[in-house]
Amino acid sequence: MTPRYDYAALLEFSTALGCKAGLSRDRARTQAEVLLEADLLGHTTHGLNLLPNYLKDLESGATKAAGDPTVVSDRGSALVWDGNNLPGTWLVSEALGEARRRMREHAAVTVVIRRSGHIGALISYLRQATDDGRIITLMTTNPLMRTVVPAGGVEPVLAPNPIAFGCPTDGDPILIDISTSAVANGWVRRWAAENRKLPEKWLQDSQGNLTDDPKALFGPPAGSLLPLGGIELGHKGFALGLIVEILTGSLTGVGRTGAAAEAGNLVYLQLMDPEAFSGLGTFTRDTGLLATACRDSKPRSEAPVRMPGDRALAHRRAQLAAGVELHPSILPALQPWTAKLGVQPPRPLA
């Protein structure tokens, strides 16, 4: 039986590790909350699974523990930050807060960030907006992480370029978080570590041959991820991936330019206020009707039709009630850091 852990104990544990690694307590707690939210929602490759790498980057100086973002441009409803290699979890949370403050004067606020640390699972941020009755769009890329081929190509050009969208309804929000590649890098790494084959042939080897061997991605010679939709429909995922890179890289000014080597992770964040358009009540009634129509539609099997976010939110509620399940690899990967930083890991619930 998979052990479960008290959420508050995990939060304090992961906050303490961040503090010992050099973060202020508020930044360490924000980082811990974002990572744990991913685990609560079932995105276990992008929850505490990422914390060892975050601690490593703080130790090496690749991620800066202290400082503030630099304002590159400010047009009121449009803001460009240089994140100065600060923790991405904290930067995006700060950008969300700034966007919410500016929505007193603007119906939509867009923040783009260059030189951000890794931001974790995009879905982790969505409820911060939808709980306030706001629409959120969030995207990220890294111009140096080239693991995804263009449709019809063999040489990888793009990153997996995830895109997330959150929308309030008169019930549960709609929460969308998808990679624009056929599978995310994190899942491929996990299946490779576990010596498991992929469920489908979502990769190409270096010669362009389809494969379900996750180790083909890493080579040598390195292979590539197919865009979302695979061989037949990958032009659609490729197009979505282009949108993400343009709205993150090109808008920040460091996507494919000479500055790309120092661009770090690039982020696009937009909040919209439905009250400024149809009115929040009208908007959420309509999105609620849309969600209900989809859920009530005739399923093709015994499993009911789900809206994006339904399973994640159910998972979150269950874990908060009964304890958080962690993937078996997570605490062992953190053990060297608990020993080095002198932080006692939490005990499983009885």
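To be clear, the structure that these remarks concern was listed above.
Residues numbered from 1 in each chain as written. Predicted model: local features only at pLDDT ≥ 70, side-chain atom pairs only at ≥ 80, totals over all residues. Heavy atoms only, no water.

**Q** What's the story with the packing of aromatic side chains in this structure? I'm lost.
**A** Geometrically, a pair of aromatic rings is defined through the distance of the ring centres and the angle of the planes. Counted by the stated rule, this structure contains two aromatic pairs. On the numbers, 5.4 Å between centres and 35° between planes, the contact of W187 with W191 is tilted. Here W187 pairs with W191, and both are found in helix α6 (residues 185-193), just four residues apart, close to one helical turn. The class of W191 is buried, set by a relative accessible area of 9%. Note on W191 and W202: the rings are 6.4 Å apart at their centroids and 45° apart in plane angle, and the pair reads as tilted. (Phe/Tyr/Trp six-rings, centres within 6.5 Å; stacked < 30°, edge-to-face > 60°. Helix = DSSP H or I, 4+ residues; strand = E, 2+ residues; numbered from the N terminus. Buried < 20%, exposed > 50% of the residue type's maximum accessible area, 1.4 Å probe, protein only.)

**Q** For this particular structure, what's the right way to read the layout of surface pockets?
**A** Over the atoms, a rolled probe matching the size of one water molecule traces out where space is still vacant. When its volume is computed, the second largest pocket comes out at roughly 220 Å³. Together, Y7, T30, E33, V34, E37, L40, S93, S124, R127, Q128, R316 and L320 line the second largest pocket. Of all the secondary structure elements, the ones that give two or more residues to the lining of the second largest pocket are α2 (25-40), α5 (123-130) and α9 (310-322). With five residues, α2 is the largest single contributor of residues to the lining of the second largest pocket. Of the residues in the lining of the second largest pocket, the class split is four nonpolar, four polar and four charged. (1 Å grid on protein atoms, 1.4 Å probe; cavity = no way out; pocket = protein on both sides within 12 Å on 5 of 7 lines; lining within 4 Å. Points joined across faces, edges and corners; volume = space filled by probe spheres on them. Nonpolar A, V, L, I, M, F, W, Y, C, P; charged D, E, K, R; others polar.)

**Q** Which parts of the structure should I look at to understand unusual backbone geometry?
**A** Among all residues save glycine, negative phi is the norm, and among peptide bonds the norm is trans. Of note, the amide linkage connecting G219 to P220 takes the cis form, showing an omega dihedral of 0°. As for its placement among the helices and strands, P220 is situated in the loop between β9 (210-211) and β10 (224-225). Between P220 and the following residue, P221, the backbone shows a cis peptide bond with an omega angle of -10°. Here P221 lies in the loop between β9 and β10. Unusually for a residue other than glycine, N85 sits at a positive phi of about 60°. Note that N85 resides in strand β3 (residues 78-86). By relative accessible area, N85 is classed as partly exposed at 22%. At N195, a position not held by glycine, the phi torsion is positive, near 55°. Its place among the elements puts N195 in the loop between α6 and β8 (203-204).

Geometry only, nothing functional implied.
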